[in-house]
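# Breakdown of the fold
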Amino acid sequence: MKALTHGRFRGLDGNAAQFDLATGAAAAPLASLRVAILERDIGRVTLRRPEGYRLDRGWAIAPNRAEPPYEGRLRDDISGFANPAATLSEAGGIVTLAAAGLTAQVRLDPFGIAWFRDGEDQPFLRDRPTQAYFLSRKTGALLHATERHEDERHYGLGDKAGPLDRTGRRFAIDAVDPCGFDAELSDPLYKMLPFVIADGARGAHGIFYDNLALGSVDLGSTIDNYHGLFRFYRAEDGDLDYYVLAGPGVPDVTRRFSWLTGGQAFPPRWTLGFAMTTMTIADAPDADARITAFIEDCRRHGIRCDSFHFGSGYTSIGNRRYVFNWNRDKFPDPAATMARLKAAGMHPVTNIKPCLLDDHPRLEEAKARGILVEDGETGQPAIAQFWDGLGFHVDFTDPEGRQWWADGIRDALLAFGVTAVWNDNNEYEIWDEDAVCDGDGRPFAQALARPAQALLMHKLAYETQAAHAPDKRPYTITRAGGAGIARYGQTWSGDNETAWKTLRYNLTQGLNMSLSGLYNIGHDVGGFHGDSPGPELFCRFVEFCALWPRMVMNSWKASGIVNTPWMHPEVLPQVRSAMDLRHSLIPYLYTQMWRAAAEDVPPVRPLLWDFGFDAIAATVEDAFMLGPDLLVAPVLDQGATTREVYLPAHAGGWYDWHDGASYEGGRTITVAAPLGRLPVFARAGAIVPVEDEAGLTAIAFGTPEHGGSGLLYVDDGETADWRKTGTTIEFRLRRDDLGFVLDASGGELPIRVRGVGVPNLRLAGSSD
C-alpha cells in the first residue's frame, strides 16, 4: 500500500469539502476524498479511487429508518440526512469545514482530519499525525489510522469475544461458523460489524466503516515507535467510507448509530417468553411424537413455553439437511404438528439455511433459474463447504433468487402454520475468489459484500412473513450479518460452549452487541456445545439468560443428553423460579423493547450507560442494567452462594428485588445468591410493572423524592400498526395526607399497586 500523505484542496461540492490525495506534493493524485457534515453530530469521510468505487452501494445506512432497496443504497446518496449548510475557510495549510454542532479541520500536509464539537477547543477524534491513509494500487486493500489516547476505553464491533473494554485487542472483520467458540478468545465469530466506540477524557465518539469486505480492527494491539499511540481499520478490499459519530456520551453514540442504520424491529410480545429448541428432537426418527412428549413434559413440570424452534432436522433426508423439504417419516402431517404446538401456546419457528447441498432435490431447478452465487470464471455455481458436505448458496442479490426463496418460505413453511423463520448458517463462507453476486443486474465480487447476503436473507424473511400476515409484526432471527440486521429482528451470540467462563464473557459479548445497535439479543441457555451442564451450571445458565430479550434453550450434545428445563430434577424448582421471574417481568421487558424500536434505546446495557458519572460503575463488567430501573448481577462463579455487587451512586439507593432490603448506592455489597435466586436490584424511584395470573401490578420502589416514575407500553402484542395503536401508561408517585398515591395516566387498565419502602400506598381513585 502507499501512504497518502499530501492533500490538495479542490473546493466545495455542495456542502462537502473535496480533496485530492497523493504520496507527496509533486506526486500525481491516487484518490479523491470528501469530508461532509451530515447532521450536527455526524460527519462522513469518503475516499474514491480514480477508477471509481470498488462497490458503489451498501445496505447498512438507513437514516431515520429510510429502508434501503434490495439493490442497495448508492454510496453517494445523502438523502435522509439534514445536510446542514456548511461554511469553509482556509488558512495556514488547514481547511476548516463547519456546520451547526460539528467542525472538521483538515490539515493538507501531512494530510489528516481533526473533528471538534461546538464549544470545544480540543478534537474528540484526530487522524494519526503520521501517515493516516493508505491505499493499494495493486489490490483493493486500504487502511485508516487514528490517534489513540491512554485513557480511552473501546467498545462495539458487534458479537466479538472477550471483555467489555476491547482496548489492546485486534479483531478480524470476518464471519465463520465457530461452533462451541471460546467466549473469551475466539475470533472471528458471526458478525462483520466495523463499528467502534472510544470513550475517555474527551468524551465518547464512534466510527463506523461502511465496508463489507474482509478486514481487521486494531485497538492498540500494534505498537510502533514511529507513530505514537494509534488504532486502525484495515480492509482487504472495498471502499474507505466512514461515519464519525460525535457523542459526546456512549449512549449518544449508540443511539445515533442505531438511527443511522435503521433502528431495531419491534418484536411480538410472545417472543419475550421462554423458547425451546434442540436438534435432537427434530433429528429423531420419531420427531413428531417427541414434540408431543415435549408439550406434555412442559405441562407436567409446570414450565411455560411460548415458542418451539425447529432445528433443521425436520428437513432431513438421511443424515443431510435440505431447506424447504419436510421429512414426512418424522412429520407425516406438518400442519397438524404446528396446530398441536399452537394449541399448547407455543408458536412454531423453523430453521432455514441458504446453502443447497450438491444433491438437494431442487438443485437442478435452482441452477436452471440461475439463482445461486456464481463462479465468474466457470459460469457455474460457486462451490462452498457446508456442515453436511459441499453445496451452493442462494444469491439474495438476485430477484429470481429472492422470489424462489420467498415462495419456499410461504409454501413450505407458513402455509403449514409456521409462525416465523430462523435464518441460520448464513455466514456465506464462499472462499472462491471468483465468486460473483448478481447485484440486481449489476454484478459484483462476492468478497466485497458477504454480510449483505445475510442481511438480505433476513430482510426477505421479514417481508415475506409481513406479506403473509400483514396485520402482525414479523419475528425473524438471523445468526450472521452486519450493521442494519437489527431493523428486521433478532440475533444472538451463537453456538456457545457449555462452560463457566461462557457466562462471564457471553455477558460482555452481549453488552457490546447492545452498544453496537443490536438490541434484541440473548444466549443459548445452558450452552449449545460441549458436555452437558451439571445441575449448578445449568441453573446458573438459566438465571443468567432469564432477563435478556431472547431466552431460547438451544443445544447439541455429542452425548445426546440435551438441555431441557427438567434435565436436573434436583434444581427444577430453582430453574422454574428464574423462568417465572422472567415471565413476571414481561410487561417491563416489552416496554423496553418498545423503547428500543421507538427511541433507539437498548433494553440491556452496561452500567456505564445509566451511570457514566460513576467512575467505578463505568468499569463494571459482571452486571448489567435492564432498562433504566433494574440492575441484574448474575452469579458467574462455580460454587458461589453469595454475590458481590457494585451498586452505582444513586439518590435513595437500591432495593433488593426479592426481599425489599434497601442499600446505599456508591458501594459494593454482598448478598445471598443461592441457586434459583438471581440477584436483581431496583433503583430508588423506579415504578416497575409486573404480571401474574391475577393481572398487572405496579411496584413502586422508594418515595417520590428519588424519582417516583415508570412507564408501561400496552398493545395487543403483535399489531403491525403499533406506532399508532399502542398505549403508553405513565406512573407517577406522590404524597398526600394519607400516605402515597400512584397515578396511572394514559390508559384504562386494571392495575394493582405495591410499595417497597413506600408505606400506605394506594392507586389514585381507589379506596384501598
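Reading the values: the criteria
- Residues numbered from 1 in each chain as written.
- Predicted model: local features only at pLDDT ≥ 70, side-chain atom pairs only at ≥ 80, totals over all residues.
- Heavy atoms only, no water.
- Helix = DSSP H or I, 4+ residues; strand = E, 2+ residues; numbered from the N terminus.
- Rg over C-alpha atoms; globule rule 2.2 N^0.38 Å.
- Buried < 20%, exposed > 50% of the residue type's maximum accessible area, 1.4 Å probe, protein only.
- Contact = heavy atoms within 4.5 Å.
- Areas by Shrake-Rupley, 256 points an atom, 1.4 Å probe, with all protein chains shown as cover.
- Pairing = 2+ DSSP bridges.
- Axes fitted to C-alpha atoms, helices over the stretch in contact; angles between N-to-C directions.
- Phe/Tyr/Trp six-rings, centres within 6.5 Å; stacked < 30°, edge-to-face > 60°.
- Lys NZ or Arg CZ within 6 Å of the ring centre and 35° of its normal.
- Core = buried A, V, L, I, M, F, W, Y, C linked by side-chain atoms within 4.5 Å.
- UniProt positions renumbered as here; feature names shortened; annotations may be inferred.
- Parallel < 35°, antiparallel > 145°, perpendicular 65-115°, else oblique.
- Nonpolar A, V, L, I, M, F, W, Y, C, P; charged D, E, K, R; others polar.

A separate point is the overall build of the chain. Each helix and strand in the chain was counted, giving 13 helices and 51 strands. Here the C-alpha radius of gyration of the chain, 26 Å, is about what a compact globule of 768 residues would show, namely 27 Å. By principal-axis analysis of the C-alpha atoms, the chain measures approximately 80 × 70 × 50 Å. Put simply, the chain has 768 residues, and 63% of those count as buried. Put simply, 66% of the contacts in the chain that link residues at least 6 apart link residues at least 24 apart. Just so you have it, the chain exposes about 26,400 Å², and 49% of that area is on carbon and sulfur atoms.

Pairing is antiparallel across the open sheet formed by three strands, whose spatial order is β27-β30-β29. Bordering the open sheet on either side are β27 (355-357) and β29 (384-386), each of which pairs with just one other strand. Between one strand axis and the next, the sheet turns through 55 degrees on average, direction left out of account. Bridge analysis of β29 against strand β30 (residues 389-393) gives three bridges, and the strand direction is antiparallel. Bridged to F386 within β30 is G389.

Before going further, it helps to spend a moment on the packing of aromatic side chains. The final tally for this structure, using the stated rule, is 40 aromatic pairs. Centroid distance Y209 to Y233: 4.1 Å. Interplanar angle 15 degrees. Geometry classified as stacked. One end of the pair, Y209, is in strand β18 (residues 203-209); the other, Y233, is in strand β20 (residues 230-235), with 24 residues separating them in the sequence. Take Y209: its relative accessible area is 6%, and that puts it in the buried class. Here the aromatic rings of F310 and Y314 are separated by 6.1 Å at their centres, their planes lie at 75 degrees, and the arrangement is edge-to-face. This pair shows no difference in class: F310 is buried, exactly as Y314 is. Sitting over the face of the ring of Y53, R75 holds its NZ or CZ atom 5.9 Å from the ring centroid.

Attention now goes to the nonpolar core. Counting residues in each nonpolar core, the largest one holds 146 residues, and the members touching the most others are I352, W405 and W657. Not counting residues up to four positions away in its chain, the partners in contact with W405 are V323, F324, I352, K353, P354, V394, F396, M457 and L460. By size, the runner-up hydrophobic cluster in this structure holds 45 residues, among which are V45, L97, F124 and A246.

So, about the UniProt feature "domain: Glycoside hydrolase family 31 N-terminal" (unreviewed entry) in the chain. Mapped onto the present numbering, the UniProt feature "domain: Glycoside hydrolase family 31 N-terminal" (unreviewed entry) falls on residues 33-218. Each end of residues 33-218 is marked by a C-alpha atom, and these two atoms are 23 Å apart; helix forms 0% of the span and strand 42%.

What follows covers the pairing of β18. Counted residue by residue, β18 has seven buried out of seven residues, so it is predominantly covered. Two successive antiparallel strands, strand β17 (residues 195-200) and β18, enclose a turn made up of two residues. Note that β18 and strand β21 (residues 241-245) share four bridges and pair antiparallel. What sits directly across from G206, in β21, is L245.

What follows is about unusual backbone geometry. Note that the residue after D187, namely P188, is joined by a cis bond; omega there is 5 degrees. Relative to the helices and strands, P188 is located in the loop between β16 (170-173) and β17. The amide bond that connects G247 to the next residue, P248, takes the cis arrangement and shows omega of 15 degrees. In this fold, P248 is placed in the loop between β21 and α1 (250-260).

With respect to the helices, strands and loops of the structure, K138 is situated in the loop between β13 (133-135) and β14 (142-147). Along the chain, K138 and D629 lie 491 residues apart, while their C-alpha atoms are 54 Å from each other.

Spatially, the seven strands line up as an open sheet ordered β34-β31-β26-β23-β22-β36-β35, and their pairing is parallel. A single partner strand is all that each edge strand has here, and the edge strands are β34 (476-478) and β35 (522-524). For this sheet, the mean inter-axis angle between neighbouring strands, taken without regard to orientation, is 20 degrees. As paired elements, strand β31 (residues 420-423) and β34 share three bridges and run parallel to each other.

Running from N to C, helix α10 (residues 572-584) and helix α11 (residues 586-599) point in directions that differ by 55 degrees, and their axes come no closer than 5 Å. It follows from the interaxial angle that α10 and α11 lie oblique. Where α10 abuts α11, its residues R582, H583 and S584 lie against I586, P587 and L589. Residue classes in the contact of α10 with α11 are distributed as three nonpolar, two polar and one charged.

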